[in-house]
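Residue-level structure breakdown
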Amino acid sequence: MPNTILVGAQWGDEGKGKVIDVLTAQADVIVRYQGGSNAGHTVIAEGKKYVLHLIPSGILHPGKQCVIGNGVVMDPFDLIKEIDGLREQGFDPLGRLAISDRTHMVMRWHRALDAADEARRSQERKIGTTGRGIGPAYGAKMGRTGLRVGEMLSPRFLERVRSGVEEANVTLAGWGAPALDVQEMLSVYAQAAETLKPYIADTVALVNAADRAGKSILLEGAQGTMLDIDFGTYPFVTSSNPTAGGACTGSGLSPRRVDRVVGVIKCYTTRVGAGPFPTELNDATGEHLRQKGGEFGATTGRPRRCGWFDAVVGRYSAMVNGVDFWAMTKLDVLDEQPVIKICTAYLRDDGVRYETFPADLSVLERCTPVYEEMPGWLTPTSACTRYEELPIKARAYVERLVSLIGGRLGILSVGPARETTMRLGL
Ligand code: GDP
Ligand code: IMO
Ligand code: MG
């Protein structure tokens, strides 16, 4: 398989876990390149459900090398929990999982700061984060005060932990949040470092050596384009670059070594947390999509906001990521809709039409989505194994989406299990 970047094209939860699991069969090395345990990637394999947060979803394929790249922010306790959970289910990551020595760590105080920051914001400014410490950890990275995984091997590690807790306690006190116990932090981090040592490696060298040896590399994104710190609905975003550019900075693989980009996109739209969502449905149709699509957060269990497919988002995502192939998911969730709407543009109250996503969120407050309607197929699609078996109206819908957003259809998914995946040139 050519070296491939896989990105989420909407607001996350597009079904990346499932698609990565399917593509892993042809990859040798799978690298998570950004985000942290805010991600929840679901794979349903042989009737069993797995939710991965930090470890690439490729881990469920024996023999594949998995990497937590330098662009990730890694919470050691979440990672240890995930490793233990996989072991219990018969997948031992030891020897197959490498964590970059350049990866920044999400420390306990980053989680505390994340929660305290959300709590002190006014209602309109709350982001609705996952509470996993992501913003403060990336903040420390950019502020050049962060702790990197490689430091766990240093005799000075605990000194750094001590000064980190002490400094965070001052901020927490200022925000009226409880302080963290320094002694407890020293003890739990000493233990975590011991447990994780065997996984730490120079993954930049590892990934590039694999590339030189002709192995195929799959770069796994978390979150989605509209949650990107640069291209998303700022400030209602995550603190990393889920878009294709982030795959190179987050893994150390040169852009010149990437062959193609796969965008994962749902046949409708969802979003968790606060922020604009032009095609949101606050009605019985939205509720139907939520129930039928099982749209509840894989990490936090929060109900996801649901709405119609937004081709403005799709087009924007195609452009920013350079999507070659689409992996379209959850077509089956629309099986019972008599009429399906597609948003093709946003119309401002003064008649200005937006075909691409505006940076200024206040513009969206003055916009309404322009919809076109298509007839539903009112037939179950989950049992279809070939594209030709799909109802003609379902094919027309999929083909209309692709024609609106550009690129080619590579995968079409009609159910959560591995088997319910149509491969169409990917
Ligand atoms: P990710 O974060 O992009 O990996 O997506 P999540 O795992 O958070 O959410 C996607 C959800 O949709 C999971 O529960 C998947 O099992 C499920 N899923 C994926 N593809 C399909 C599909 O084609 N049809 C249905 N019904 N469910 C799907
Ligand atoms: P996967 O990889 C959907 C959202 C949060 C919140 C915003 C910021 O499963 O697609 P953060 O905790 O990152 O500071 O929260 O981003 N968010 C996600 N939404 N899927 C995800 O990951 C998400 N990761 C973060 O809900 O709105
Ligand atoms: Mg998810």
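The structure this text deals with has already been given above.
These notes cover the structure that comes with them. Since the structure is predicted, the reported quantities are computational estimates derived from the model, not experimental observations.

**Overview of the coordination of the magnesium ion (ligand 3)**
- Coordination of the magnesium ion (ligand 3) by the protein comes from Asp13 (OD) and Gly40 (O), over a distance range of 2.1 to 2.2 Å. Residue Asp13 is located in the loop between strand 1 (4-8) and helix 1 (16-24), and its partner Gly40 is located in the loop between strand 2 (29-32) and strand 3 (41-45); the two are separated by 27 residues in the primary sequence.
- By relative accessible area, Asp13 is classed as partly exposed at 22%.
- The exposure class of Gly40 is buried, given its relative accessible area of 13%.

**Topic: helix 2 (residues 76-88)**
- Under the 1.5 Å per step criterion, the end-to-end length of helix 2 is 18 Å for 13 residues, consistent within 8% with the ideal 18 Å.
- All of the buried residues along helix 2 are Pro76, Phe77, Asp78, Leu79, Ile80, Glu82, Ile83 and Leu86.
- The N-cap of helix 2, judged by a side-chain oxygen 2.9 Å from the amide nitrogen of Phe77 a few residues on, is Asp75.
- Remark: Gly90 follows helix 2 within two positions and exhibits a positive phi of approximately 95°.

**Digging into the sheet that holds strand 15 (residues 325-329)**
- Within the open sheet, the 10 strands sit side by side as 9-7-5-2-10-1-11-15-19-20. Their pairing is mixed. With one partner strand each, in any of the chains shown, strand 9 (200-201) and strand 20 (421-423) form the two edges of the open sheet.
- Here strand 19 (residues 408-413) pairs with strand 20 via three bridges, running antiparallel. Within strand 20, the position partnered with Ser413 by the bridge is Thr421.
- Contacts from helix 7 (residues 203-212) reach strand 2, strand 5 (65-68), strand 7 (97-100), strand 9 and strand 10 (217-220) within the one sheet, and its direction differs from that of strand 5 by about 140°.

**Details of the pairing of strand 5**
- Inspection of the sheet shows strand 2 paired to strand 5 by four bridges, in the parallel sense. Looking across to strand 5, one finds that Val31 is bridged to Val67.
- Sheet topology places strand 5 next to strand 7; three bridges connect them, and they run parallel. By the bridge assignment, Cys66 is partnered in strand 7 with Leu97.

**Remarks on the site of ligand 1**
- As a matter of local geometry, ligand 1 sits amid 20 residues, with Lys16, Gly17, Thr42, Asp332 and Ser413 nearest to it.
- Within the contact set of ligand 1, an oxygen atom lies 2.8 Å away from a backbone nitrogen or oxygen of Gly17.
- Within the side chain of Arg304, a nitrogen or oxygen atom sits 3.0 Å from an oxygen atom of ligand 1.
- Calculation on ligand 1 without its partners gives an accessible area of 580 Å², and the protein chains cover 93% of this total.
- Listing elements by their share of the shell around ligand 1, those giving two or more residues are helix 1 and strand 3.
- Here the shell around ligand 1 is composed, by residue class, of five nonpolar, eight polar and seven charged.

**A short note on the side chain of Arg271**
- Looking at the secondary structure, you find Arg271 in strand 12 (residues 269-271).
- Despite its burial, Arg271 pairs with no opposite charge, the nearest such side chain being Glu280 at 8.1 Å.
- Polar side-chain contacts of Arg271 include one of 2.6 Å to the backbone oxygen of Phe236.
- From its side chain, Arg271 meets the backbone oxygen of Pro276 in a polar contact 2.7 Å long.

**Regarding the side chain of Thr269**
- Take Thr269: it is sitting in strand 12.
- Classification of Thr269 by relative accessible area gives buried; the value is 1%.
- One polar contact links the side chain of Thr269 to the main-chain carbonyl oxygen of Trp308, over a distance of 2.7 Å.
- Side-chain polar atoms of Thr269 contact the backbone nitrogen of Asp310, separated by 3.5 Å.
- Once you skip the residues sitting within four places of it in the chain, Thr269 turns out to touch Gln10, Trp11, Phe277, Thr279, Arg305, Cys306, Gly307, Trp308, Phe309 and Asp310.

**A word on the environment of Asp310**
- Examined against the element boundaries, Asp310 turns out to sit in strand 14 (residues 309-310).
- Assessed through its relative accessible area of 2%, Asp310 is described here as buried.
- Sequence-wise, Asp310 and Thr300 are 10 residues apart; in three dimensions their C-alpha atoms are separated by 25 Å.
- Leaving out residues up to four positions away in the same chain, Asp310 has contacts with Thr269, Pro278, Thr279, Cys343 and Tyr346.

Procedures and definitions
- Residues numbered from 1 in each chain as written.
- Chains lettered and ligands numbered in written order.
- Predicted model: local features only at pLDDT ≥ 70, side-chain atom pairs only at ≥ 80, totals over all residues.
- Heavy atoms only, no water.
- Donors = N, O, S within 2.8 Å, 3.2 Å for Na, K, Ca; no water.
- Helix = DSSP H or I, 4+ residues; strand = E, 2+ residues; numbered from the N terminus.
- Buried < 20%, exposed > 50% of the residue type's maximum accessible area, 1.4 Å probe, protein only.
- Expected span 1.5 Å × (residues − 1).
- Polar contact = N/O pair within 3.5 Å; in protein donor to acceptor, adjacent residues only side chain to side chain.
- Pairing = 2+ DSSP bridges.
- Contact = heavy atoms within 4.5 Å.
- Axes fitted to C-alpha atoms, helices over the stretch in contact; angles between N-to-C directions.
- Near = heavy atom within 4 Å.
- Areas by Shrake-Rupley, 256 points an atom, 1.4 Å probe, with all protein chains shown as cover.
- Nonpolar A, V, L, I, M, F, W, Y, C, P; charged D, E, K, R; others polar.
- Lys, Arg positive; Asp, Glu negative; His and termini not counted.
- Salt bridge = Lys/Arg side-chain N within 4 Å of Asp/Glu carboxyl O.

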